[in-house]
Amino acid sequence: MIRLLVKFKDRTIKEFALDRIGALSIGRNPTHHLVIDNYAVSGNHAVILKEGNRHILKDTNSKNGTFLNGLTVQQATLKNGDIITIGKHTLVFLDRGRPRPRLEQGGLKTSALPGDPGPDHTMFMDTEVYRRMLTESGDIPEIPKAPAYVAFLAGGNGRFDLAKSLVTIGRTHRCDIIIGGFFSFLAGDPAAAISKTPQHHYISGVSGWIKPKVNGQAVRGPVRLNDMDVIKIGAVVLQYASESQASP
């Protein structure tokens, strides 16, 4: 059986049997097979197509990109153990041709999602037993911890990983993230900076007339960023994903 495990915050929340689905659509619109309700995910984000004995991952012109094993892809053939990242969800592609581990006395409790066509299509896993068995059996590859990042909601595309100790935002190419637009000349060089500590990220205003806003509130900083905070500096709008929650 070829399966796709959907993980969020280290928890497996759905499973798809890809053998029975010709095209599995992914996006924020409620019409998709896999709906991810997150502003960093496009309405029509990606699709997994069954073509003969292969499964093809295609990005459907998403704004923030589709990542396969940490790299942005437009189209790729999936292999066993591949890890797809869309927004803050991780999708694990499994093709090992062996049955799912089971307990003899029905210890694997599952509950159907509303409108679920059957257990071979989509399941919601609500026990730690199932996840532990999959992990111990080696069925799920270890997922490396992803760095915190900011995803562009406006003024740019994709995302910027916050791997450096200091990320600058401003009007010139000396900055890591560049502010464009008609009034960009009012921004500083840099206008703001995101600094990294061992536990958290903080944003501070640095220079210029354009000041950063976090969730609509102007800040001079340093202000600690929380997961899903929206940062606006001029024409640039970013959404912060914390290291503990980023991908998945």
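What you see is a predicted model, and the numbers here were worked out from it, not measured in a lab. (Residues numbered from 1 in each chain as written. Predicted model: local features only at pLDDT ≥ 70, side-chain atom pairs only at ≥ 80, totals over all residues. Heavy atoms only, no water.)

Our focus in this paragraph is the overall build of the protein chain. When you go through the protein chain residue by residue, the secondary structure sums to 1 helix and 24 strands. Here the protein chain, with 248 residues, has 46% of them falling under the buried criterion. Restricting to contacts in the protein chain with at least 6 residues of sequence separation, those with at least 24 account for 44%. (Helix = DSSP H or I, 4+ residues; strand = E, 2+ residues; numbered from the N terminus. Buried < 20%, exposed > 50% of the residue type's maximum accessible area, 1.4 Å probe, protein only. Contact = heavy atoms within 4.5 Å.)

Turning our attention to the sheet that holds strand 24 (residues 236-241). The strand order 15-14-24-23-20-21 describes an open sheet built from 6 strands, whose pairing is antiparallel. Whereas interior strands pair on both sides, the edge strands pair on one side only; in this sheet they are strand 15 (159-161) and strand 21 (217-218). Sheet topology note: the strand 20 (residues 213-214)/strand 23 (residues 230-233) ladder contains 2 bridges and is antiparallel. From the neighbouring strand, Lys213 faces strand 23, where its bridge partner is Lys232. (Pairing = 2+ DSSP bridges.)

Let us now look at the packing of aromatic side chains. According to the stated counting rule, one finds 1 aromatic pair in the structure shown. Each ring, one from Phe182 and one from Phe183, has its centre 5.0 Å from the other, and the planes form 90°; the classification is edge-to-face. This pair shows no difference in class: Phe182 is exposed, exactly as Phe183 is. In this structure, Arg159 packs its charged tip against the face of Phe67, placed 4.4 Å from the ring centre. When the ring centre of Tyr149 is taken as reference, the NZ or CZ atom of Arg159 above it lies at 4.1 Å. (Phe/Tyr/Trp six-rings, centres within 6.5 Å; stacked < 30°, edge-to-face > 60°. Lys NZ or Arg CZ within 6 Å of the ring centre and 35° of its normal.)

Moving on to the environment of Ser195. Mapped onto the elements of the fold, Ser195 is located in strand 18 (residues 192-196). Through-space distance from the C-alpha of Ser195 to that of Leu166 is 4.5 Å; in sequence the pair is 29 residues apart. Those residues in contact with Ser195 that sit more than four places away from it in its chain are Ser165, Leu166, His200, His201 and Tyr202.

Another point: the nonpolar core. Ranked by size, the top nonpolar core spans 23 residues in total, and within it Leu4, Leu24, Ile48 and Ile84 carry the most contacts. Looking at this core, the elements with two or more residues in it are strand 1 (2-8), strand 2 (11-17), strand 3 (23-27), strand 5 (46-51), strand 10 (83-86) and strand 11 (89-95). Counting residues per element, this core draws most heavily on strand 1, which supplies 3 residues. Those residues in contact with Leu24 that sit more than four places away from it in its chain are Leu4, Phe16, Leu18, His33, Leu34, Ala46, Val47 and Ile48. Core analysis: the next-biggest nonpolar cluster, separate from the first, contains 22 residues, Leu162, Ile203, Val219 and Val236 among them. (Core = buried A, V, L, I, M, F, W, Y, C linked by side-chain atoms within 4.5 Å.)

This next bit is on the sheet that holds strand 22 (residues 223-224). Ordered in space as 17-16-18-19-22, the 5 strands form an open sheet in which the pairing is mixed. Each edge of the open sheet is held by one strand with a lone partner, namely strand 17 (177-178) and strand 22. Bridging between strand 16 (residues 166-170) and strand 18 involves 4 bridges; their strand directions are antiparallel. Looking at strand 18, one finds that Leu166 is bridged to Ser195.

With that settled, consider a nonpolar patch on the surface. A surface patch of nonpolar side chains, amounting to about 420 Å² of accessible area, comprises Phe182, Phe183 and Phe185. Tracing the sequence through the fold places Phe182 in the loop between strand 17 and strand 18. (Patch = residues over 30% accessible without salt bridge, like charges linked within 9 Å, V, L, I, M, F, W, Y side chains within 5 Å. Areas by Shrake-Rupley, 256 points an atom, 1.4 Å probe, with all protein chains shown as cover. Salt bridge = Lys/Arg side-chain N within 4 Å of Asp/Glu carboxyl O.)

Moving on: the pattern of salt bridges. Applying the stated criterion to the full structure yields 7 salt bridges. Here Glu51 and Arg54 are joined by a salt bridge, their closest N and O atoms 3.5 Å apart. For Glu51, a relative accessible area of 33% gives the class partly exposed. Accessibility expressed as a relative area gives 41% for Arg54, which makes it partly exposed. A salt bridge links Lys164 to Asp176; the nearest nitrogen and oxygen atoms lie 2.7 Å apart. Note that Lys164 is positioned in the loop between strand 15 and strand 16 and Asp176 in the loop between strand 16 and strand 17, a separation of 12 residues in sequence.

In total, this model carries 2 cavities of 30 Å³ or more according to the counting rule given. Estimates place the volume of the largest cavity at around 70 Å³. In terms of lining residues, the largest cavity is bounded by 12 residues, among which Asn64, Gly65, Phe67, Gly87 and Tyr149 are the most central. When residues of the lining of the largest cavity are traced back to their parent elements, those giving at least two are strand 10 and strand 14 (149-154). Its residues assigned to classes, the lining of the largest cavity shows 5 nonpolar, 6 polar and 1 charged. (1 Å grid on protein atoms, 1.4 Å probe; cavity = no way out; pocket = protein on both sides within 12 Å on 5 of 7 lines; lining within 4 Å. Points joined across faces, edges and corners; volume = space filled by probe spheres on them. Nonpolar A, V, L, I, M, F, W, Y, C, P; charged D, E, K, R; others polar.)

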